[in-house]
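Structural characterization, general
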Amino acid sequence: MSAASVGGAVTAGDFRTLTLSCVNRPGIVAAIAQKLFELGTNMTEAQQFDDTESGRFFMRVVFSPFDGWEPSRLIPEMAALAAEFGMTWTIKENARPTRVMLLVSKFDHCLVDLLYRWRVGELAIEPVGIIANHPAAAYADVDFGGIPFHYLPVTAATKAQQEARILQLVEDSGTELVVLARYMQILSNEMALQLSGRCINIHHSFLPGFKGARPYHQAYARGVKLIGATAHFVTHDLDEGPIIEQDVERISHADTPEDLIRKGRDIERRVLARAVRYYTEQRAILNGRKAIVFLD
């Protein structure tokens, strides 16, 4: 936790979000509420969850300061309280967009959707770069709007070097969230660990699950009645990271494989967008193999 996450002077209308998790014990909510009051802030929204299975407590609090408060007190006093309860915690200025690196392969529908939502102000993100394993000509119809584009081809022989370059771009740009917007490359265990908790993937999700090539054609051949998509945190276990968001759509026997592809892309777009928004609004908190998501 760094004081840089809080920033400089604020006004009474400046909102911030506190998220925390710790071993559950009596008095956590009371201590948080009392501390925020002492710091000269007003709680405007609060959500909490007691996970009885793991014994951990999770909380998300939105607060705004009173006139005349002293922001320099926030970090040290919250740090002291966090140490007392053994909390893992973050504080984010709501008005500050999340710096996002977008990774994409051949299919650009998720990339285009995220860029549109960014441009109209629906997502509080700041795209700091687009990384693709296809050349810029493959995205000739996409308006990058001045966002730096990096063509990083990859083969089995160059994978380590390509991933090292990606991680360097992430570090140099101050990226806070990496989004695999249909980036069709499997991340190495080392890279997944480097990006743990700050990398989101979108995955086609069917019942039953169809792996490998042409999943929509496999689903068509089996006569599925629902197709779906899952957005999840990336881990070293392929497509098994903590789930952030899911959605489904009903399929008819009259739908062709092309219909499934069209509907599947639409689900992927909206599921990924919601997952990115939950992350930027501090609504998704890791809980082992699961994610706690405080919905609005």
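First, a word on scope: everything that follows refers to the structure included in this document. Just so it is clear, the model here is predicted, and its values are computed rather than measured. Numbering of residues starts from 1 in every chain and runs along the sequence as written. Owing to the predicted nature of the model, reporting of local features is limited to residues with pLDDT of at least 70; listing and counting of side-chain atom pairs is limited to 80 or more, with chain, interface and lining totals taken over all residues. Side-chain calculation: all heavy atoms of the structure are included, whereas hydrogens and water are not.

For helices, the axis comes from a line fit to the C-alpha atoms of the stretch in contact; other axes are also lines fit to C-alpha atoms, and the angle between any two N-to-C directions lies between 0 and 180 degrees. Comment: elements are numbered from the N terminus, with helices defined as DSSP H or I runs of at least four residues and strands as E runs of at least two. The interhelical angle for the contact between helix H1 (residues 28–38) and helix H2 (residues 74–85), taken along N-to-C directions, is 170 degrees, at an axis separation of 11 Å. By the criterion of interaxial angle, the relationship of H1 to H2 is roughly antiparallel. From H1, Ile28, Ala31, Ile32, Lys35 and Leu36 reach across to H2, where they touch Glu77, Met78, Leu81 and Phe85. Charged residues are taken to be Asp, Glu, Lys and Arg, nonpolar residues to be Ala, Val, Leu, Ile, Met, Phe, Trp, Tyr, Cys and Pro, and polar residues to be all remaining types, Gly included. Its residues assigned to classes, the contact of H1 with H2 shows seven nonpolar, no polar and two charged. Roughly parallel here means an angle under 35 degrees, roughly antiparallel means over 145, roughly perpendicular means 65 to 115, and every remaining angle is called oblique. Residues are treated as being in contact if the distance between any of their heavy atoms lies within 4.5 Å.

Another point: the sheet that holds strand S1 (residues 16–23). For two strands to count as paired, DSSP must find a minimum of two bridges between them. Spatially, four strands are ordered S2-S3-S1-S4 in an open sheet, and the strand pairing comes out antiparallel. This sheet does not close on itself; its edge strands, each paired only once, are strand S2 (41–51) and strand S4 (88–93). The average undirected angle you get between the axes of adjacent strands in this sheet is 10 degrees. For S1 and S4, the ladder comprises six bridges, and the chain directions are antiparallel. The residue bridging Thr17 from the neighbouring strand is Lys92, located in S4. Across the sheet, H1 is in contact with S1, S2 and strand S3 (56–65); its angle to S3 comes to roughly 20 degrees. Docked against the sheet, H2 engages S1, S3 and S4, running at close to 155 degrees with respect to S4.

Attention now moves to the state of the cysteines. Note on terminology: pairs of cysteine sulfur atoms within 2.5 Å are recorded as disulfides. Evaluated as defined, the whole model comprises zero disulfides. Considering cysteine sulfurs only, Cys110 is the nearest to Cys199, which forms no disulfide, with 14 Å between them. Type-normalised accessible area, obtained with a 1.4 Å probe on protein chains alone, sets the label of each residue: buried when under 20%, exposed when over 50%, and partly exposed for intermediate values. The exposure class of Cys199 is buried, given its relative accessible area of 1%.

When helix H3 (residues 109–119) is considered as a whole, its buried residues turn out to be His109, Cys110, Leu111, Asp113, Leu114, Leu115 and Arg117. A positive backbone phi angle near 85 degrees is found at Gly121, which sits one or two residues after H3.

This part is about the side chain of Thr41. Here Thr41 is to be found in strand S2. Polar side-chain contacts of Thr41 include one of 2.7 Å to the backbone oxygen of Leu36. When neighbours within four sequence positions are excluded, Thr41 is seen to be in contact with Leu36, Phe63, Ser64, Pro65, Phe66 and Trp69. We define a polar contact as two N or O atoms separated by no more than 3.5 Å, with the added condition that, inside protein, one atom must be a possible hydrogen donor and the other a possible acceptor, whereas residues neighbouring each other in sequence contribute only through side-chain atom pairs.

Time to look at the packing of helix H6 (residues 215–222) against helix H7 (residues 257–280). Packing of H6 against H7 brings their axes to within 9 Å, and their N-to-C directions diverge by 120 degrees. In terms of their interaxial angle, H6 and H7 are classed as oblique. Taken as a pair, H6 and H7 cross one another with a handedness that is right-handed. Contacts from Tyr216, His217, Ala219 and Tyr220 in H6 reach Pro257, Leu260, Ile261, Gly264, Arg265 and Glu268 in H7. Across the contact of H6 with H7, the residue classes break down as six nonpolar, two polar and two charged. Crossings are assigned a handedness: left-handed for a near helix turned anticlockwise from the far helix by less than a right angle, right-handed for a clockwise turn.

Membership of the largest hydrophobic core comes to 41 residues, with the highest contact counts inside it found for Leu114, Val179, Ile200 and Leu272. Of all elements in the fold, only strand S5 (98–104), H3, strand S6 (125–132), strand S8 (177–180), strand S9 (199–206), H6, strand S10 (226–233) and H7 reach the threshold of two or more residues within this core. Tallying contributions element by element places H7 first for this core, with nine residues. Within this scheme, the nonpolar core is defined by two criteria: the residues are buried Ala, Val, Leu, Ile, Met, Phe, Trp, Tyr or Cys, and they are joined through side-chain atoms within 4.5 Å. Core analysis: the second largest hydrophobic core is formed by 22 residues, Val61, Leu74, Met78 and Trp89 among them.

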